[in-house]
Amino acid sequence: MTTSDRWRPRRVSEARGRAGAPRTPIDYAKVGRSSVRRRARGMTHSEAVAALEEAELHAHLDRRDEAAADDGGRRAAELAEWQRVVQLLAATGGPYDPDADAVVQEELAADRRREEAEQQRRQEQQQLADRAEELARLGGAGRLDRSVPSRAGDEAARDLLDDRGDYRAAKVDAWLARALADRSGYYADPAARAAAVGLLPVPVRARAALLAALARTGAPVDGDLEFVGRLAQADPDATTALAAWLENAAAVKGGTA
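Residues numbered from 1 in each chain as written. Predicted model: local features only at pLDDT ≥ 70, side-chain atom pairs only at ≥ 80, totals over all residues. Heavy atoms only, no water.

J.: Would you mind showing me how to read the pattern of salt bridges here?
T.: Any two side chains of opposite charge can pair, so long as their charged atoms come close to each other. Within the structure shown, the criterion is met by 22 salt bridges. Between Arg113 and Glu106 there is a salt bridge whose closest N-O contact spans 3.0 Å. Residue class for Glu106 comes out partly exposed when judged on its relative accessible area of 44%. Asp159 serves as the salt-bridge partner of Arg158, at 3.0 Å between the closest nitrogen and oxygen. Overlapping salt bridges bring together Arg37, Glu81, Arg84, Asp101 and Glu107 as one network. (Salt bridge = Lys/Arg side-chain N within 4 Å of Asp/Glu carboxyl O. Buried < 20%, exposed > 50% of the residue type's maximum accessible area, 1.4 Å probe, protein only.)

J.: Hey, could you run me through the nonpolar core in this one?
T.: A general trend in soluble globular proteins is that nonpolar side chains are found buried together. In terms of nonpolar packing, the biggest core is built from 31 residues, with Leu144, Val172, Trp175, Leu176, Tyr187, Leu200 and Leu214 touching the most fellow members. Broken down by secondary-structure element, the contributors of at least two residues to this core are helix 5 (102-140), helix 6 (154-164), helix 7 (169-182), helix 8 (190-199), helix 9 (202-216) and helix 11 (236-252). For Leu176, the contacting residues outside a window of four places in its chain are Asp154, Arg158, Tyr187, Leu200 and Val204. With 15 residues, the next largest nonpolar core counts Ala48, Ala51, Leu89 and Tyr96 among its residues. (Core = buried A, V, L, I, M, F, W, Y, C linked by side-chain atoms within 4.5 Å. Helix = DSSP H or I, 4+ residues; strand = E, 2+ residues; numbered from the N terminus. Contact = heavy atoms within 4.5 Å.)

J.: Help me understand the packing of helix 9 against helix 10 (residues 226-234), please; the structure alone is not making it clear to me.
T.: For any two helices packed against each other, the geometry comes down to the angle between their axes and how far apart the axes lie. Close contact between helix 9 and helix 10 brings their axes to 8 Å; oriented N to C, the two are set at 135°. What the angle tells us is that helix 9 and helix 10 run oblique. Note on packing geometry: the crossing formed by helix 9 with helix 10 is right-handed. Each of Pro203, Ala206, Arg207, Leu210, Leu211 and Leu214 in helix 9 lies in contact with helix 10, whose residues at this interface are Phe227, Val228, Gly229, Leu231, Ala232 and Gln233. Grouping the constituent residues of the contact of helix 9 with helix 10 by class yields nine nonpolar, two polar and one charged. (Axes fitted to C-alpha atoms, helices over the stretch in contact; angles between N-to-C directions. Parallel < 35°, antiparallel > 145°, perpendicular 65-115°, else oblique. Left-handed = near helix turned anticlockwise from the far one by under 90°. Nonpolar A, V, L, I, M, F, W, Y, C, P; charged D, E, K, R; others polar.)

Put into structure tokens, the structure is as follows:
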């Protein structure tokens with residue numbers, strides 16, 4: 001059964017993008033409220049009352065139609081909005097103007113805030129993806145070394161590569177461990193180093209601890225020291241314990257701070 005605004009409720013599958021990816025589901029209640037506001041523009045109180053009565057009649061008739069009942073909440077939202085408009089015009093006298101309706105304007109402002117937040121989220125996701133790809137490319141080319149400074153968010157970029165199963169994530173792990181051990185780049189900030197405890201995997205932190213401890217002993221640590229990474233990956237707890245032992249030994253012997 002067709003409603004008064006020639007819209008027929010029907011079951012609608014989730015909207016999908018061109019590539020088949022799900023889009024944001026349609027808010028049929030919001031569609032219904034917007035439809036009422038467009039039709040109510042310029043109405044007086046008595047005209048809005050008549051429109052409400054017509055909407056109530058169609059809602060009553062639509063209860064017999066199963067397809068009309070599955071409308072995503074649009075019909076109920078339309079009735080509620082007509083009732084609100086009628087109450088508003090009872091106080092103001094009309095004509096109805098959505099541009100002067102505080103409820104409408106607040107909803108529009110909230111929509112703008114959500115859109116801005118979503119745009120910001122997408123930008124941050126893209127920046128994260130770009131950084132992950134940059135680190136992976138440098139690691140794959142053997143150019144991810146101390147000349148590349150660490151940045152805020154690199155832990156998340158590393159996680160993204162790991163989630164993708166990118167083999168170059170191991171190179172990024174080694175680079176992050178070195179930066180943490182050296183306290184260079186982003187990790188020059190004590191707060192960043194403290195946060196790394198909850199952001200980096202245990203093997204990466206263990207590797208960093210052993211590298212830092214070896215440096216305190218005065219041992220040359222300029223090379224790749226692949227064995228440190230293997231130890232940390234195989235047994236991070238033992239690696240951390242070894243790092244603590246070396247730190248204590250260096251302190252007792254007056255090692256380089």
